[in-house]
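Analysis of the macromolecular model
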Amino acid sequence: ASYARIAETDASVQAFLTLNEEGARAAAAELDRALADGGEQGLLFGLPAGIKDNIVTEGLRTTCASQFLRNYDPIYDATVAKKLKSAQAVTIGKLNMDEFAMGGSNENSGFHPTRNPWNTDYVPGGSSGGSAASVAAGQVYFALGSDTGGSIRQPAAYCGIVGLKPTYGLVSRYGLVAFASSLDQIGPLTKNVEDSAYVLQAIAGYDANDSTSANVDIPDYVGALSGDVKGLRIGVPKEYLGQGIDPKVKEAVLEALKRFESLGATWEEVSLPHTEYAVATYYLLASSEASSNLARFDGVRYGVRADNPDNLLDLYRKSRSQGFGQEVKRRIMLGTYALSSGYYDAYYLKAQKVRTLIKRDFDDVFEKFDLIVGPTAPTTAFPIGEQIGDPLTMYLNDICTIPVSLAGVPAISVPCGFADGLPVGLQIIGKAFDERTVLRAAHAYE
Ligand code: GLN
């Protein structure tokens, strides 16, 4: 059914980069056999899954939507890919994204842009745009994405589905091609909150292969979905409903807050005073980390090697010039500059300090409140081509998701109505490792 749906819809949505039809059919047959032999069903038994193309899958092409990796077939599975297999999900294929997860519209894919299933002239968001569009188009039951500054939540909002960015460290990054290691986090994109809880249950947990993996007990996420939010205290940051936020998005969020009130929760306006510095801080830190992480793509160890280099330096230069797209080059240049001697203190170190202030903003609010609620993005999806020539405008689309990433706390985007025929996303942000409350509130709301 999944492949039939892809055949029907993917010529227009273009969510997939690689299909795994033979592998998926073999895996499904294997599951049938195991079941017939009296085996127990895994948590995600037989569910068709899509995986973002920056998560390595053994023997299954993994390109990060970069021409640099157009021929790269990994020799191992990321921890999350292994966990999906052991939960008995079936991998349908690999999903499009902005190259190396840098972007918010899928227009930075080195292959082709994915389109928003609600209106194919519009972007699906990004960078996990292929994951969000595929779930929204009914091609897969759920997908995995990665979120560094909003890349799960923002495309989920634009495509009218549910996207969860877990607490930093809850889900292993082993086998996730690194963009900004202190921010990257893998999470589920699903049609509803219950599915999100199931997928999180399957992929969360300590992993000795990831040095930043948190060694915490994994609670029962599905069991947290009680439907009850009575007495929950919600803070609504005034910075998330002020300047730059589309009035129709604001209206949808205020409606959602009324619904929370009617369910027995309370809300109050709060302030996250350092929000205005978040985007600048993020682009310094994320680009710095990216410039270091992407140094491994040298034309020797992974992916495509340029032909006829004059010498070793020329090999690096040619391979990188040919392999990386424009946005990736822009970030490598920015990050290399920010990390260079003489500038480090002024930029990188300063940004680290501001990151701490942003995190403290959240700590302060969470002393009095259980959750923080606001829009996921300031607008709904925009037309393909509208912002691609203007990186600064594009960067501002993440104003509501980036601070959460810098603070490392969990957040979910759930659909909260429409504006001009396109879905609006509501962002529910929780305390570190309190995914249960985030999921419970999202489930009661949806
Ligand atoms: N849009 C943001 C960026 O371009 C976030 C990307 C992400 O979360 N991977 O960096």
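Residues numbered from 1 in each chain as written. Predicted model: local features only at pLDDT ≥ 70, side-chain atom pairs only at ≥ 80, totals over all residues. Heavy atoms only, no water.

The name an unreviewed UniProt entry gives the protein chain is Glutamyl-tRNA(Gln) amidotransferase subunit A, with Paenibacillus artemisiicola as the organism. Here is the UniProt Catalytic activity (unreviewed entry) comment for the protein chain, exactly as written: "L-glutamyl-tRNA(Gln) + L-glutamine + ATP + H2O = L-glutaminyl-tRNA(Gln) + L-glutamate + ADP + phosphate + H(+)". (UniProt positions renumbered as here; feature names shortened; annotations may be inferred.)

1. As for unusual backbone geometry
Ser 127 follows Gly 126 through a cis peptide bond whose omega is 10°. Residue placement: Ser 127 occurs in the loop between strand 3 (90-95) and helix 4 (129-136). Notably, Cys 64 is not glycine yet its phi reads approximately 55°, a positive angle. Structurally, the position occupied by Cys 64 is in the loop between strand 2 (48-52) and helix 3 (79-86). Notably, Asp 420 is not glycine yet its phi reads approximately 50°, a positive angle. Of note, Asp 420 is situated in the loop between strand 10 (411-419) and strand 11 (422-429). Under the relative-accessibility criterion, Asp 420 is labelled exposed at 63%. (Helix = DSSP H or I, 4+ residues; strand = E, 2+ residues; numbered from the N terminus. Buried < 20%, exposed > 50% of the residue type's maximum accessible area, 1.4 Å probe, protein only.)

2. Quick look at the UniProt feature "active site" (unreviewed entry) in the protein chain
In the numbering used here, UniProt assigns the "active site" (unreviewed entry) feature to Lys 52, Ser 127 and Ser 151. On the basis of their most widely separated C-alpha atoms, the annotated residues across 100 residues gather in one place, lying no more than 11.0 Å apart. Here Lys 52 is to be found in strand 2. Filtering out sequence-adjacent residues up to four positions away, Lys 52 remains in contact with Lys 94, Leu 95, Met 97, Ala 101, Ser 127, Ser 128, Ser 131, Leu 144, Gly 145, Ser 146 and Ser 151. Along the polypeptide, Ser 151 turns up in the loop between strand 4 (142-147) and helix 5 (153-159). Residue classification places Ser 151 among the buried positions, given a relative accessible area of 6%. If sequence neighbours within four positions are ignored, Ser 151 has contacts with Lys 52, Ala 101, Gly 103, Gly 126, Ser 127, Ser 128 and Ser 146. At a separation of 2.7 Å, a polar atom in the side chain of Ser 151 contacts the main-chain amide nitrogen of Ser 127. (Contact = heavy atoms within 4.5 Å. Polar contact = N/O pair within 3.5 Å; in protein donor to acceptor, adjacent residues only side chain to side chain.)

3. Quick look at a nonpolar patch on the surface
Together, Val 216, Ile 218 and Phe 433 make up a nonpolar patch on the protein surface, roughly 200 Å² of accessible area in all. By the secondary structure assignment, Phe 433 is in the loop between strand 11 and helix 14 (435-445). (Patch = residues over 30% accessible without salt bridge, like charges linked within 9 Å, V, L, I, M, F, W, Y side chains within 5 Å. Areas by Shrake-Rupley, 256 points an atom, 1.4 Å probe, with all protein chains shown as cover. Salt bridge = Lys/Arg side-chain N within 4 Å of Asp/Glu carboxyl O.)

4. Points about the nonpolar core
With 103 residues, the main nonpolar core has Phe 100, Phe 362, Leu 426 and Ile 428 as its most contacted residues. The contact partners of Ile 428, leaving out residues within four places of it in the chain, are Phe 260, Leu 371, Ile 372, Val 373, Pro 410, Ala 411, Ile 412, Val 414, Val 438, Ala 441 and Ala 442. Residues Ile 6, Ala 24, Val 135 and Leu 189 belong to the second largest nonpolar core, which totals 21 residues. (Core = buried A, V, L, I, M, F, W, Y, C linked by side-chain atoms within 4.5 Å.)

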